[in-house]
Amino acid sequence: RNVVLADRPSSPFDYAPLTSSPGINVFGLELSGRASFGLHSVFGSYTYQHLRMAESGLRVTDLPTHFTNLGSTVAVGRRQTLTLSWLLRSSRPRALADERPRMAAVGILNGNLNWERIWGALDGDLALDNVFGLYNQDPAPALAMPGDYPRPGRSLRLTARYRF
């Protein structure tokens, strides 16, 4: 992909035009927000990207137009929090010469349980990614591989930390 650069330095209160390096015209919007309610919080982000090839005007392939992340963190005890996040990605088109169907849209639910001071200075996290084990894949170039790159299905991760 081509590099996208800001025309000048920007701040959160100022618009800085972005310039695509030759080849791709980019227009997009990113929104994010977070709200806290005591020990609980909700968060979300949304990205819209309108990517077109400069010469042909055709849509850039293999990238979603819409990408969203919604979630919430809830205190479930004095030292435990549960975070659920839902990642949503729109379908992705293929190159004109690629006869495979569009990459399907997908929504993946992830969960994380954080437990501080389980015992003394021991903390832990238990994360379950892709809770429902949905099939998910990333696009591979046409004729480069027999299929797309499969993403891992459901995965469980346990992390322990000890503070000295």
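Refer to the structure printed above.
Residues numbered from 1 in each chain as written. Predicted model: local features only at pLDDT ≥ 70, side-chain atom pairs only at ≥ 80, totals over all residues. Heavy atoms only, no water.

1. Overview of the overall build of the protein
1) Next: When its secondary structure is counted, the protein shows 0 helices and 11 strands.
2) Next: Counting from the amino terminus, the protein carries its helices and strands in the arrangement β-β-β-β-β-β-β-β-β-β-β.
3) Next: Sorting the 164 residues of the protein into buried and exposed places 26% on the buried side.
4) Next: Considering only residue pairs separated by 6 or more positions, the protein has 45% of its internal contacts joining residues 24 or more positions apart. (Helix = DSSP H or I, 4+ residues; strand = E, 2+ residues; numbered from the N terminus. Buried < 20%, exposed > 50% of the residue type's maximum accessible area, 1.4 Å probe, protein only. Contact = heavy atoms within 4.5 Å.)

2. Quick notes on the side chain of Thr73
1) Next: Relative to the assigned elements, Thr73 resides in strand E5 (residues 66-75).
2) Next: Judged by its relative accessible area of 15%, Thr73 is buried.
3) Next: A polar side-chain atom of Thr73 sits 2.9 Å from a polar atom in the side chain of Thr83. (Polar contact = N/O pair within 3.5 Å; in protein donor to acceptor, adjacent residues only side chain to side chain.)

3. Some words on a nonpolar patch on the surface
1) Next: On the surface, Val74, Val76, Leu82, Leu84, Leu113, Leu126, Leu156 and Leu158 cluster together to form a nonpolar patch covering roughly 690 Å² of accessible area.
2) Next: Mapped by element, the contributors of at least two residues to the nonpolar patch are strand E6 (80-89) and strand E11 (155-162).
3) Next: Examined against the element boundaries, Leu113 turns out to sit in strand E7 (residues 106-119).
4) Next: For Leu113, a relative accessible area of 30% translates into the label partly exposed. (Patch = residues over 30% accessible without salt bridge, like charges linked within 9 Å, V, L, I, M, F, W, Y side chains within 5 Å. Areas by Shrake-Rupley, 256 points an atom, 1.4 Å probe, with all protein chains shown as cover. Salt bridge = Lys/Arg side-chain N within 4 Å of Asp/Glu carboxyl O.)

4. Quick notes on the sheet that holds E11
1) Next: The 7 strands are arranged E3-E4-E5-E6-E7-E8-E11 in an open sheet whose pairing can be described as antiparallel. Each edge of the open sheet is held by one strand with a lone partner, namely strand E3 (24-37) and E11. Pairwise comparison of adjacent strand axes, ignoring direction, gives a mean angle of 10 degrees for this sheet.
2) Next: Of the pairings in the sheet, the one linking strand E8 (residues 122-129) to E11 comprises 8 bridges and is antiparallel in character. Opposite Gly124, over in E11, you have Ala160 as the bridge partner. (Pairing = 2+ DSSP bridges. Axes fitted to C-alpha atoms, helices over the stretch in contact; angles between N-to-C directions.)

5. A look at unusual backbone geometry
1) Next: Residues other than glycine seldom take positive phi values, yet Arg117 does so here, at roughly 50 degrees.
2) Next: Here Arg117 shows up in strand E7.
3) Next: The backbone of Asn130 shows a phi angle near 55 degrees, a positive value even though the residue is not glycine.
4) Next: Within the element layout of this structure, Asn130 appears in the loop between E8 and strand E9 (137-138).
5) Next: Exposure remark for Asn130: the relative accessible area of 3% places this residue in the buried category.

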